[in-house]
Amino acid sequence: MKNRIIFICFLLFSGFIAKGDELAIEISGWVKDAQTTEPLPFVNVWIKGTVRGTMTDTDGRFLLSANVGDTVSFSSIGYIKQEILIEKKTKSPLEISLQPEVLEIGEVTIKPEESRAKVLMRQVLKNKKENRQKVLDNTDFKTFARTSVYVAIDSASRVNRIIENMNEVTMKIEGQELQFSPIYLSELGTNVINGKDSVVYNRRDGIFPKLNQTIESQILLNVVVDLDFYKDQINILGRGIISPLANSARLQYDFYLNDSTRIDSTWYYSFSFTPKNKYNALFTGRFTVEDESFALTNIYAYVQEEANINFVNGYKSNVSYKKIPGNGWFYDEQEISLNLALVLNKDTVSRYGSQRIDQVASGNWLVTKTTQYSTSEHLDQVKGHDWKKQPEFATSLMSDGTYERVDRLKENSVVKGIDAVGGMVLTSYVDLGKIEVGPVFDIYSTNAIEGSRISIPLRTGERMWERFTVGGYLGFGTKNKGFKYGMNMGWQLQSSDKYILRASYSDDYNLVSQDKYLRFIKKNPNTRGNGNFIAAVTSRVQNPYIKEEKSFDLRLEYNADENISAEAGAYFLSNYGTPDIHFINNGVDYNHYSNYGMLFNVRLAFGQYYDKYYFARVYYIDQVPVINLSWDIGRVNVPGSQAPDFGMYSQFHGSIVGKINMGPTFMRYMLNGGYLFGDAPYDLLDQPVGSQSLGFAKYRFNLLHQASFAHNVYTNVHLDWVGGGIVLNKLPLIKKLKLREMVSLKAHYGDRTSSYKPVFNLPEAFSQDMTRPYAEIGVGITNIFKVLRVEYIHQLGSTYANRSFTDNSGIRFRAEMSF
């Protein structure tokens, strides 16, 4: 949820950057039939003598970058080819009229046969694996990537009143009425040797310093991707879009042979492709292949309006390949452009496709990334910071003036405020300089004993000590008028975060049903309050099942790399009873007990992407599964000379979390399970819990009450399927709302076996001795007003219908944003 809130903050400001050298001219226009004046789609438009070009869209429009002196050719099957010489005086837009080509032929005999397009496409797919391998065989190369995010600003907008020096910090683009302000800029040079890459140059800046990483993680990581069209799917905007060169492409796309061109004794075939179903999230575009090898030389693709992707005004990508010695192929350049908008009417205009990249309104974000590739050995002799000035990469330089605009914007008080709020949402801390306030999710919570709980959490910030922090909190309950407190410290032992030592002490209330392993999946679990904001303000019953706890723990974290991390810690707990929680053994109600032990955890992330912040790594769920394996071992002590002597307890717990892309749909999943045995208190049992509120919970059960099952052998499944609009996109009027279908499934199965030796009697609220599976299914929609998810939840089966610890059904809400 926090990442989605950050995304809203980003979209308050929205990027475009022009590309080209001094002689380059952006040529735009449209092509029509000379006789009917109807627009001609899929006309091949290219620079004569090269394989660089584009094609017209469904409205006959095109956009192409050319140099003075180039000859631009226009051709399509059934029409006479036309050529135009580009001069300095050439004006855009151009209006091109193609004459139909009429041939007088003699008598012919028609025989049914496959079209030429199908025959050639079969050859393209047949050679796909070999041609992709030729690209992958290049393990020694250099890349230089330029990324920019700009926001379009109307000269009459409120932003001009907020930022006094607007003319100094914005730029004007030819052909646009709007001004453009830079949000984020990046230049990255990479040297790849034997498949392993190393950064040789990295310059990054943005007007929101605390949010630069999040702009990369939440937007650029999902949008600016490696465009390998030889693969079956390309993951863009959180979904897998089937490539026009996928093995199943002929089931999804219609292909047309546009033209064939002979260059230096080699024939090139130009195809266009469109989705068979225009409402599916698929590409429209064209590609060119070389004869004989049938290898890609260029592919251009965009997403049509009917695909109905939330926040997206326009999306286009262009990948060009070059031939290298040895009859191989490799990337020449990849370019991606995206136009994003938050306001509803910005992304429901009639015209869509690649041309809408340039249909910019105030508040739009324009994201552009260009990556150039080179196998030149000449660059080995050049320092990384000078790569962008070399002929291999010097086609589009970011001027120092653009970076200066960013520096001036960063000094604006409003921009600083937005940066502070965004940083707070991301890291859970408010940066006050040497002191930080947080975690912010601990500031307010509710429970039956304290009522409304207000806390003031603080810690020292990075500007006081870079590798050491100390903090604490003071909490006050409005119902019991009591204070609670805690202290903590963190010490990064080296310059990197490879080793981190942490210690904490607290005298506080904690949920009996709290899942202590959840913090390995969700970095900031709320240990005292509800699952989300909606739950906090709509709770029917404040949770009474809390214990008073004095705790101390000391743990060492080891972060090897992006693949593996580990933690080992020792803890001591002194637990005290509350009105609804008692510790009864053999009829004796003990006021308190203590337990101590050690907890070990290993995290296997398999390269999962993360951002590193002050004493924390924030991981992002993607298609790579993340596995956590935990082991807890300890012992219970009960006060008094007549108290029983208990043995050791041990608990093994494992979880896996990830995401599966299935074309336009995707499913997020979390599965966990464990086994507790020995002499253990009941708060170590797995106790799946709900919140008794209107809030939809991510890792809780939506229909269960605060207390339900309690098992020592258990497994839980949480599945969340997003339909991507595969149904709602096809419904008239409704499709304009860009709603997404949602289905969720949550299930629990467990038992209390004889291997678990209860130290205390289980509280009556948890005493159901039922071991049959529990499950609930939800059906609903998301993207309501682009920020809200609503689901109807229903309990599966009749085993637990009308029980005191669960609802049969209900409607739940959650703040959520997605593409």
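Preceding this section is the structure that the text describes.
Residues numbered from 1 in each chain as written. Predicted model: local features only at pLDDT ≥ 70, side-chain atom pairs only at ≥ 80, totals over all residues. Heavy atoms only, no water.

A. Summary view of the environment of Thr274. Turning to its location among the elements, Thr274 is positioned in strand E15 (residues 266–275). Measuring from C-alpha to C-alpha, the distance between Thr274 and Phe255 comes to 6.9 Å, with 19 residues separating the pair along the chain. Those residues in contact with Thr274, other than ones at most four positions away along the chain, are Phe42, Gln252, Tyr253, Asp254, Tyr256, Phe283 and Thr284. (Helix = DSSP H or I, 4+ residues; strand = E, 2+ residues; numbered from the N terminus. Contact = heavy atoms within 4.5 Å.)

B. Just the sheet that holds strand E6 (residues 82–85), in detail. The strand order across the open sheet built from 4 strands is E3-E2-E5-E6, with neighbouring strands paired in antiparallel fashion. Looking at which strands have only one partner, the edges of the open sheet turn out to be strand E3 (53–55) and E6. Going from strand to strand, the sheet's axes swing by 15 degrees on average, the running direction of each strand aside. In this structure, strand E2 (residues 44–47) lies alongside strand E5 (residues 71–75), joined through 4 bridges in antiparallel fashion. Bridge assignment links Ile47 to a residue of E5, and that residue is Val72. (Pairing = 2+ DSSP bridges. Axes fitted to C-alpha atoms, helices over the stretch in contact; angles between N-to-C directions.)

C. Expanded view of helix H3 (residues 128–136). Buried within H3 are the following residues: Lys128, Asn131, Lys134 and Val135. On an axial view of H3, the arc spanned by its buried residues comes to 125 degrees, and they lie on one face. Close packing links the buried residues of H3 with helix H2 (116–126), strand E18 (312–324) and strand E19 (328–340). (Buried < 20%, exposed > 50% of the residue type's maximum accessible area, 1.4 Å probe, protein only. Arc of directions from axis to C-beta.)

D. Highlighting H2. When we look at burial in H2, the residues that qualify are Ala117, Leu120, Met121, Val124 and Leu125. For H2, the buried positions fall inside an angular range of 140 degrees around the axis, keeping them on one side. In H2, those exposed residues whose orientation departs by more than 90 degrees from the buried face are Lys118 and Lys126. Packed against the buried residues of H2 are H3, helix H7 (249–252), strand E14 (253–263), E15 and strand E16 (283–290).

E. Representation of a nonpolar patch on the surface within the structure. On the surface, Leu432, Ile435, Ile456, Leu458, Met464, Trp465 and Val470 cluster together into a nonpolar patch covering about 600 Å² of accessible area. Among the structural elements, Val470 can be located in strand E25 (residues 468–477). (Patch = residues over 30% accessible without salt bridge, like charges linked within 9 Å, V, L, I, M, F, W, Y side chains within 5 Å. Areas by Shrake-Rupley, 256 points an atom, 1.4 Å probe, with all protein chains shown as cover. Salt bridge = Lys/Arg side-chain N within 4 Å of Asp/Glu carboxyl O.)

F. Summary view of the side chain of Arg812. Structurally, the position occupied by Arg812 is in strand E43 (residues 809–815). The class of Arg812 is buried, set by a relative accessible area of 4%. Looking at Arg812, its side chain comes within polar contact range of the main-chain oxygen of Asn702, at 3.1 Å. Here Asp807 takes part through its side chain, which lies 3.5 Å from a polar atom of the side chain of Arg812. In contact with Arg812, other than residues within four places in its own chain, are Arg540, Ser693, Leu694, Gly695, Phe696, Asn702, Leu703, Arg789, Val790, Glu791, Ile793 and Asp807. (Polar contact = N/O pair within 3.5 Å; in protein donor to acceptor, adjacent residues only side chain to side chain.)

G. Region of interest: the side chain of Ser551. Summarising the element assignment, Ser551 is placed in strand E28 (residues 546–559). Judged by relative accessible area, which is 11%, Ser551 ranks as buried. If sequence neighbours within four positions are ignored, Ser551 has contacts with Ser504, Tyr505, Ser506, Phe572 and Leu573.

H. Representation of the pattern of salt bridges. Overall, the coordinates contain 28 salt bridges when judged by the stated rule. Among the salt bridges present, the one from Glu130 reaches Lys134, with a minimum N-O distance of 4.0 Å. Of this pair, Glu130 and Lys134 both sit in helix H3, 4 residues apart, which is roughly one turn of that helix. A relative accessible area of 47% places Glu130 in the partly exposed class. For the salt bridge of Lys388 with Glu187, the shortest nitrogen-to-oxygen distance reads 3.4 Å. Of this pair, Lys388 sits in the loop between strand E20 (365–374) and helix H8 (400–410) while Glu187 is found in strand E10 (residues 179–193), placing the two residues 201 residues apart along the sequence. For the pair Lys388 and Glu187, a shared accessibility class is recorded, and that class is buried.

I. How the structure looks around unusual backbone geometry. A cis amide bond links Gly438 to the next residue, Pro439, at an omega of 5 degrees. Relative to the assigned elements, Pro439 resides in the loop between strand E22 (435–437) and strand E23 (444–447). Unlike most non-glycine residues, Asn586 shows phi in positive territory, near 55 degrees. With respect to the secondary-structure elements, Asn586 resides in the loop between strand E30 (583–585) and strand E31 (588–590). Since its relative accessible area comes to 73%, Asn586 is described here as exposed. Positive phi, normally seen in glycine, also occurs at Asn783, with a value near 75 degrees. Within the secondary structure, Asn783 sits in strand E41 (residues 774–784). By relative accessible area, which is 1% here, Asn783 ends up buried.

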